[in-house]
Number of protein chains: 2
Amino acid sequence: MLPFTEVEYRERMRKVQANMNTKGIEVLLVTDPANMAYLSGYNAWSFYVHQVLIVTLDDEMPIFVGRYMDAFCGAIKTTWLDAGHVRAYSDDYVQSTEKHPMDYVAGVLRELDAGAKSIAVEMDNYYFTASCFESLKKGLPDAKFVNGNLLVNWVRIIKSDNEIILQKRAARIVEKAMQTAIDSLDVGVRQCDVAANIYHALVSGTEEFGGDYPAIVPLMPCGETAGAPHLTWTDEKYKSGTTVVIEIAGSHQRYHSPLSRTIAIGEPGDQVKRVADITVEGLNEALATIKPGVTCEEVELAWRRVLKKYGLEKESRIGYSMGLNYPPDWGEHTASLRPGDKTIIQPNMTFHCIPGMYFDDFGVEISEALRVTENGCETLANFPRQLFIK
Amino acid sequence: MLPFTEVEYRERMRKVQANMNTKGIEVLLVTDPANMAYLSGYNAWSFYVHQVLIVTLDDEMPIFVGRYMDAFCGAIKTTWLDAGHVRAYSDDYVQSTEKHPMDYVAGVLRELDAGAKSIAVEMDNYYFTASCFESLKKGLPDAKFVNGNLLVNWVRIIKSDNEIILQKRAARIVEKAMQTAIDSLDVGVRQCDVAANIYHALVSGTEEFGGDYPAIVPLMPCGETAGAPHLTWTDEKYKSGTTVVIEIAGSHQRYHSPLSRTIAIGEPGDQVKRVADITVEGLNEALATIKPGVTCEEVELAWRRVLKKYGLEKESRIGYSMGLNYPPDWGEHTASLRPGDKTIIQPNMTFHCIPGMYFDDFGVEISEALRVTENGCETLANFPRQLFIK
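**Student:** Explanation requested: the overall build of chain A in the structure shown.
**Tutor:** Scanning chain A from N- to C-terminus turns up ten helices and 16 strands. With the principal axes as the frame, chain A shows a C-alpha extent of 65 × 45 × 40 Å. Residues classed as buried in chain A amount to 59% of the 390 residues present. The contacts of chain A with a sequence gap of at least 6 include a subset with a gap of at least 24, amounting to 69%.

And the structure:
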C-alpha cells in the first residue's frame, strides 16, 4: 500500500534526525501533512483536525498522534509505524473550546520524558495554528521551543529517484489534462464544464497510473480578470476573444507535476501575443541557466534580462521547489527563483518555473516543471511551449 | 460577479461589528478564507499565502490585505470593496525567512491608529499560524490581543434565504454525483476512475447551476480500511465483496451540501447490513428530533438511544454545522451534534448529520445535510437513505 519501501522511510528519518542534531533539536513536532506523509507514509484527508508526528533523536520510528477515528484504523493499517507508535485523542478534543488536541500531545511528550527538552515546531505551517503553540507552551512550561519551520521541507527538496518516478508519472497525467483543457475550451462552453473535464483527466490519470487530487484546484482566470492568477472558475460561458490562463498539476500518489499554458479563444490581441513570445523566450533562458552549482537568483536574473530587453518588469518570483504535497499548496516553501535566494541548485531538485505575467486586464502564464540533472535540467512534461489559439 | 448583493454583505458586516462591540473588540483580523469571502466576497485560491481582512468598528467596509498579485486585480475587481480598502504586500514577503506578511499587516494597523487597540485574531484557524501571531505581537507591542476564533463563524451559522438557495443548488449537484458514484462502482473498475467520474459530476454540476470545488475531496475508504473514514482513493481495482463508503459534497459558489452513502459491491455481510439498518434508524430518529429550541446534544441523544438498543456505541460526534467553505473543511467548527453541546437549534441553521460507524475491518456511513425549518428540518438532498448493493 505504501508508495516507498520501509528502507526509504527510515533513510528520510535519519536525514531529519541528523538535521535536528546539528541544530540542537531534541524533539521535532511535524504538523505539515506533506512532512507527515514523507516520514510515516500517512496519507488521509484528516489534517482538518489537529494531528502530529513526534520525531525524537533516539527512536528510528516517529509517533503519530491523531484523532481516534483516524489513528486506530488509518494510521495503524496504512503506515510503516507499529501500533505502539500510534496515539489517539478522543473525539471531545475536536473543535472544542475547553480543550485542545495539543493539550493531549503535550501529555504524550511528558510521558516520553520530553517535557523539558528542546522542542521544534513548524511555526508557519497552516496546520500549526497560534492556538496549537499556546496549548503546547501551557502544557510544557519547562520545554525550550525553537522554530523548526521547513526543517523537513529542506530535506524534501532533493528527491530520491523513486520520488522522481512518481513526479514523472504525474507529468504524463498533466500532459493529458492540459490537452483536455485546450480541446474543451470553446465559445459557448461553460467554465465549469471545462474544469470538470480537466478534473476527470487529472483524477483518472493514464491507463498505467491513476491520478490523485492536486494540492491546488485548477486555476482558470480569464478575460479581464486573467491578471488575477488565483481565480478558479464560474458558470459563465466563454466568449470569443477571451484569453484563458490554465494552471494545473498532475498528481500521482501525492507527487506533483504542475503546468501552465495560456489559450486564446479567437485571435488574441497583439499585446497578448507579444507577452507570450517574451515569456517563452525568458522561460527558455531561465531553463538554460539551471544546472547544479548555480543559485536560484541567477536563474531569475536570466529571465529578468530578457524582460528588460523588452522594457518589461515582473514583481513576483518566477518559481519554487515542489513535489509531494497536500492542500493548500504544491509548493514546498523552501527555495524560490527570485532575487536574494542564494540556494545552490543540486541534482534531483524539482522546480515549477512559472514566470506569470499579470496585467490589469490580461494575464499570460507559460510554465514548466523541471528536474535538475547532473549537468542541466529536464522538463517533467513534454508539451508545446507556446500560446495556444483556438 | 458576486453571489450576493452589497446590501447582504453590509448586513453581515453589521452583525460582526455588533458582536465585536459586545465583546469589547475594536479590531478583528479575519484570516479564515470562508470568513473573508463571507464579508468581502473575495473568492480565490490565494489563501496559501497569508492574507487578512481588517474589520474595525467605525468603517462599514473591511480592508483586504494580501499579496500584490492577488490584491491589485483580484481583490479590487471581484469584491464589493473599493480600491482604497485593498492593500498589498510585495512579493519578497512571500515565504521569506527575513520578514513575514503579518509584519506588513502590523504596519497597516499602526497606520490606522489601531496599534494600541483591542485586536481579535482567529487563534485556531489554519490560516493563522503561530508565526502570524508572533509577528503581530512583535509589530504591535501595545495592542491587546484577544481570541476572536470562530466569531464570524458563529454569525455564519444562521444562513440567509439567499445562502440556502445556493446550498439547495449544491444538493442538486450532490444527488447527481452520488448517483454517478453508484453507477460507476463495479468489479474491476479502478478507484481513481470512480473518483474521476464523481469529480466530473461535482464540477460540471447541473445544466442550471455549475459546480464548484468542494472543500474536501471525495472520501472513498473501502474494504478492510473502510473504518478509516478520511482515506481517499488509489489505483486499485474494486473486487467483489468490497464495501465502499462515499462521502462527497456538492458545492455551488463555495456553498456545500454533503452526502454519504455506503455501497456494497456484491452481497454484503450480515454485519454490514445490520449496521446499515441501525444507522438509518438512528439517523431517522436524529432527524425527527431536530427543530428550533432543541439543543445539539439532544439530537445526538436520540441517535445514541437507538444504538444502545442494539448494544452499539459510537465514539465520535454525529454532525456539525456547515455551509460556505474552503479547504481543508466544509464544517464550520461551531456547533457539533454531540454530548455537551448545548447550542440551541434555530431556523436556517444547516447541519451535516453523519453518524459514521467505523469498525476495525469495515465502515458504514449514511448521512444527510439538512436545513432547520420553523418546526423541524428538511434534508437538502433527496436521495434514498439506504445501503446500496451493486
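**Student:** I would appreciate a short explanation of the relation of the copies chain B and chain A in the present structure.
**Tutor:** Turning one copy of the chain about an axis and sliding it along that axis gives the other copy, so a rotation and a shift relate them. Under the fitted operation, chain B is carried onto chain A by 0.0 Å of movement along the axis and a turn of 180°, and the coordinates agree to an RMSD of 0.0 Å. Taken together, the turn and the small shift mark the pair as related by a two-fold rotation axis. When the interface residues of chain B are mapped onto chain A, 100% of them again fall at the interface, so both copies present the same face.

**Student:** What am I meant to see in the nonpolar core here?
**Tutor:** When a protein is soluble and globular, its nonpolar side chains tend to lie buried together. Leu28, Leu39 and Val174 of chain A together with Leu28, Leu39 and Val174 of chain B are the most contacted members of the largest nonpolar core, which has 274 residues in total. Apart from residues no more than four positions distant in its own chain, Leu28 of chain A is found in contact with Val16, Met20, Val55, Ala120, Gly148 and Leu151 of chain A.

**Student:** Looking at this model, I keep getting lost on the sheet that holds strand S5 (residues 118-121) of chain B. Mind explaining?
**Tutor:** Through backbone hydrogen bonds, the strands of a sheet pair up, either in parallel or in antiparallel fashion. All names here are of chain B. Judged by pairing direction, the sheet is mixed, and its six strands sit side by side in the order S4-S3-S2-S1-S5-S6 without closing on themselves. Unpaired on one side and paired on the other, strand S4 (86-89) and strand S6 (144-147) mark the two borders of the sheet. When the angles between neighbouring strand axes are averaged without regard to direction, this sheet yields 25°. Sheet analysis places strand S3 (residues 63-67) next to S4, joined by four bridges and oriented parallel. The residue of S4 that forms the bridge with Phe64 is Val86. Packed on one face of the sheet, helix H2 (residues 33-40) meets strand S1 (27-30), strand S2 (52-56) and S3 and runs near 55° to S2.

**Student:** Can you walk me through the domain arrangement of chain A in this structure?
**Tutor:** Many descriptions give the size of an interface as the accessible area lost when the pieces come together. Residue and element names in this part refer to chain A. Split by domain assignment, chain A resolves into domain 1 (6-156) and domain 2 (161-389). Between the C-alpha centres of domain 1 and domain 2 the distance comes to 33 Å. Contacts between domain 1 and domain 2 engage twelve residues on the former and ten residues on the latter. Elements with a minimum of two residues in the side of domain 1 that touches domain 2: helix H2 (33-40) and helix H6 (151-156). Among the elements that make up the side of domain 1 that touches domain 2, the one with the highest residue count is H2 (four residues). Of the residues belonging to the side of domain 1 that touches domain 2, the class tally is eight nonpolar, two polar and two charged.

**Student:** Please clarify how the sheet that holds strand S15 (residues 377-379) of chain B should be interpreted in this entry.
**Tutor:** Residues and elements named next belong to chain B. Sheet architecture is open: five strands sit in the order S10-S9-S11-S14-S15, paired in antiparallel fashion. The strands lining the two open edges of the sheet, one partner per strand, are strand S10 (331-336) and S15. Strand-to-strand twist in this sheet, taken as the mean axis angle between neighbours without regard to direction, amounts to 35°. Sheet topology places strand S9 (residues 319-322) next to S10; two bridges connect them, and they run antiparallel. Bridge pairing links Met322 to Gly331 in S10.

**Student:** Would you explain the packing of helix H7 (residues 161-184) of chain B against helix H8 (residues 191-204) of chain B in this entry?
**Tutor:** Two numbers describe a pair of packed helices, the interaxial angle and the distance between the axes. All names here are of chain B. Two elements in contact, H7 and H8, have axes whose closest approach is 8 Å; the angle formed by their N-to-C orientations is 160°. Classified by the interaxial angle, the pair formed by H7 and H8 is roughly antiparallel. Every pair of crossing elements has a handedness; the one defined by H7 and H8 is right-handed. Where H7 approaches H8, its residues Ile173, Lys176, Ala177, Thr180, Ala181 and Ser184 are matched on the opposing element by Val194, Asn197, Ile198, Ala201 and Leu202.

**Student:** Just to check I follow, could you spell out the pairing of S1 of chain B for this structure?
**Tutor:** A regular strand carries its side chains on alternate faces of the sheet. All names here are of chain B. Burial along S1 is two-sided: Val27 and Leu29 facing one way and Leu28 and Val30 facing the other are all buried. Taken together, the three bridges between S1 and S5 define a ladder with parallel strand orientation. Considered in S5, the bridge of Leu28 is made with Ala120. In the sheet, S1 pairs with S2 via four bridges, with the strands oriented antiparallel. Among the inter-strand pairings, Val30 is bridged to a residue of S2, identified as Leu53.

**Student:** Explanation requested: the interface of chain B and chain A in the structure shown.
**Tutor:** Listed per partner, the contact involves 64 residues of chain B and 64 residues of chain A. Elements represented by at least two residues in the side of chain B that touches chain A include exactly helix H3 (68-78), helix H5 (130-139), H8 and S10 of chain B. Of the residues that constitute the side of chain B that touches chain A, the class distribution is 32 nonpolar, 21 polar and eleven charged.

**Student:** Help me understand unusual backbone geometry, please; the structure alone is not making it clear to me.
**Tutor:** All names here are of chain A. Omega for the bond connecting Pro327 with Pro328 falls within 30 degrees of zero, at 10°, which places this linkage in the cis form. Mapped onto the fold, Pro328 is located in the loop between strand S9 (319-322) and strand S10 (331-336). One non-glycine residue with positive phi stands out, namely Asn348, at about 70°. Locating Asn348 in the fold gives a position in the loop between S10 and strand S11 (350-353). Classification of Asn348 as partly exposed rests on a count of 16 C-beta atoms within 10 Å.

Calculation notes
Residues numbered from 1 in each chain as written. Chains lettered and ligands numbered in written order. Predicted model: local features only at pLDDT ≥ 70, side-chain atom pairs only at ≥ 80, totals over all residues. Helix = DSSP H or I, 4+ residues; strand = E, 2+ residues; numbered from the N terminus. Buried ≥ 20, exposed ≤ 12 C-beta atoms within 10 Å, placed from the backbone. Contact = placed C-beta atoms within 7 Å. Least-squares fit on C-alpha atoms with pLDDT ≥ 70 in both. Core = buried A, V, L, I, M, F, W, Y, C linked by C-beta atoms within 7 Å. Pairing = 2+ DSSP bridges. Axes fitted to C-alpha atoms, helices over the stretch in contact; angles between N-to-C directions. Domains from an automatic or database assignment. Nonpolar A, V, L, I, M, F, W, Y, C, P; charged D, E, K, R; others polar. Parallel < 35°, antiparallel > 145°, perpendicular 65-115°, else oblique. Left-handed = near helix turned anticlockwise from the far one by under 90°.

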